[in-house]
Amino acid sequence: MNIPSTLHAAWKDRIVDDQATVDDATTQLLAARHECQLAEDALALAAAKVEHLKAEVYLLEQRQSTAVEQLARSRSASLRIVVSNLPDDVVRCIFTCCAELPDARWTAGLFNRERATLPFSVAAVCTRWRRVALDYGGLWTYMSLPDTCPEKSKRDCHHGRIKQLLSRSQTSPLDVLLDLSEFDLTSANDTFDVWMIKVFTSMCHHADRWRRVNIVFPSARTRDIAAVFKGPLPKLTELSLRGPDTEEWLDLEVQQGSFLPHAPLLEALDLSLTGMAVSSAHEGFRSLAFIKVSDDMVAESLLQLLELSKTTLQVLDLDFRFSGPSSYSLSLPHLHTLKLDCELFFVTDTKSISLHAPVLRALTLRSSDVMVDEDLSVLLEHVSATVTELTLHESVESDFVETFARLRNLSHVVFGTKDSSCIIYDGFFVELATRSPPVWPRLQSIAFYNVILSPPSGDGIVQLVAARNASPPMPAAEMDVSERPCRIRDVQLGADAQKWTIAEVQRRLRSNS
């Protein structure tokens, strides 16, 4: 039969195909194994090369490190040679610059650790620098303590540091910064209080060398700690005193005899809750240019202080209450900045001004319903010819425009201060933008500092800039040229302002500039 023969032939063909498949797979497998072997050989070669490069990189890093160290030693040696050739007086000038670096923490009444350790660091540079440093008293004049010294060992170290500074400063003027508000000096049995009294007493023994003084007194039972200020301070140039808000310190009977010292070089005076007055026998202040008084002294003492410094006073900052207006005529020919957060005591009952300040140009006011009254209107009208800068804080509403419009020569306005925020109602700017004739026609710059806008989404400032920078100027062109408002050239919005407000104001400032 032919059937088996046919089936056998089919299987033979199938076997031939399968054999061909096996041969093809075998060929590809051999080729793959060969390529794999080549790759392994290449990988081994690459690994060997990597190890070689790593070793070379390590050697180069060592070489670079050695070269850098040698360069540093060479530069140090060169610098030592240069410094060693500097005369001692030049080195002392360098020390003077180091000792008098700007100290932002001084104004805030904070201990500056870097400045306290500076003279010791400088004296440790080399033998010659140590010799010059020990011979130069001006490097060792910063007398201050940390706000808290809880550990006895640290307290002893600070006391030793102060005594060493007092000794090494020789006859140089001293800068004294002490915040004693956290200390209670009424308990003589407490070792901590005894230590604090010793430190302060050590400094008081050198009061005739005090140059700059910033002291916050503790809540003490008596005012004996301030007795040092009864004597003369011949080198004093800056005096800032803060008393505690206690009945003992504010008692008028206790304050008797607490007079400002004789300080012919005093330039800046800042008093708060000290209760100090001016002695009737005081010879006056020949250099006093800055006075700040907060919740301190009675009106009579203040007027006497101003009278003694009237020929030199340039900045006056007042923040306390008066019993009533004063009829005393006060002339301050050099006063250029006046900051008021109190009743306008120099506005008399007849609504006249007892203050004569012919060069007053900057005015800072607490704008509120209390301040914006008839007395303020009289004051603003009186100083309108010279005042060009105005700072407002607390609250600014649209109703205040009528009052402040009297400052016709105003060119710069600031809202808010470092210590006081300012809430500005949007209607205030809208009123400025739409008022005719324009208010503050010479206004050219506006600054926001510590400001809260109400509402935050208001566009009053945008309307004001748009109105003042419009072309032709608004209001109508028929207005006299001398009455047309100036362009606003600078607006400094706070960081909290809406981004769209900042962008739109900047666009308006750039347009048609």
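Computed from a predicted model, the values in this text were never measured in an experiment. (Residues numbered from 1 in each chain as written. Predicted model: local features only at pLDDT ≥ 70, side-chain atom pairs only at ≥ 80, totals over all residues. Heavy atoms only, no water.)

1. Some points on the pairing of strand E3 (residues 210-216)
The element E3 is extensively covered by neighbouring structure, given that 5 of its 7 residues are classed as buried. Looking at chain direction, strand E2 (residues 174-179) and E3 are connected through 6 bridges and run parallel. Paired with Asp175 across the strands is Arg212, a residue of E3. Pairing of E3 with strand E4 (residues 238-242), which is carried by 5 bridges, proceeds in the parallel orientation. For Asn214, the partnering residue across the bridge sits in E4 and is Ser240. (Buried < 20%, exposed > 50% of the residue type's maximum accessible area, 1.4 Å probe, protein only. Helix = DSSP H or I, 4+ residues; strand = E, 2+ residues; numbered from the N terminus. Pairing = 2+ DSSP bridges.)

2. Considering the confidence of the model for the chain
With 87% of its residues at a pLDDT of 70 or more, the chain has an overall mean of 83. Mean pLDDT across the elements of the chain ranges from a minimum in helix H9 (residues 252-255), with 50, to a maximum in strand E13 (residues 412-415), with 94. (pLDDT = per-residue confidence, 0-100.)

3. Description of the side chain of Arg161
Among the secondary structure elements, Arg161 is positioned in helix H6 (residues 152-168). Contacts of Arg161, omitting those with residues within four sequence positions, involve Phe111, Ala116, Phe120, Tyr142, Ser144 and Leu145. (Contact = heavy atoms within 4.5 Å.)

4. Topic: the packing of aromatic side chains
Describing an aromatic ring pair means giving the distance of the ring centres and the angle of the ring planes. In the structure shown here, the tally under the stated rule is 10 aromatic pairs. Pairing Phe415 with Phe428 gives two aromatic rings, centres 6.1 Å apart and planes at 85 degrees, and the pair type is edge-to-face. Of this pair, Phe415 sits in strand E13 while Phe428 is found in helix H13 (residues 426-434), placing the two residues 13 residues apart along the sequence. For the residue pair Phe415 and Phe428, the accessibility class agrees, reading buried in each case. In this structure an aromatic cluster arises from ring pairing among Phe415, Phe428, Phe429, Trp440 and Phe448. Stacked on the ring of Trp140, the Lys or Arg Arg168 has its end atom at 4.7 Å from the ring centre. Here Arg212 stacks its cationic end above the ring of Trp106, 4.2 Å away from the centre of that ring. (Phe/Tyr/Trp six-rings, centres within 6.5 Å; stacked < 30°, edge-to-face > 60°. Lys NZ or Arg CZ within 6 Å of the ring centre and 35° of its normal.)

5. Description of a nonpolar patch on the surface
Taken together, the side chains of Ile423, Tyr425 and Ile452 present a nonpolar region at the surface, about 240 Å² in accessible area. For Ile452, the location among the structural elements is in strand E16 (residues 451-454). (Patch = residues over 30% accessible without salt bridge, like charges linked within 9 Å, V, L, I, M, F, W, Y side chains within 5 Å. Areas by Shrake-Rupley, 256 points an atom, 1.4 Å probe, with all protein chains shown as cover. Salt bridge = Lys/Arg side-chain N within 4 Å of Asp/Glu carboxyl O.)

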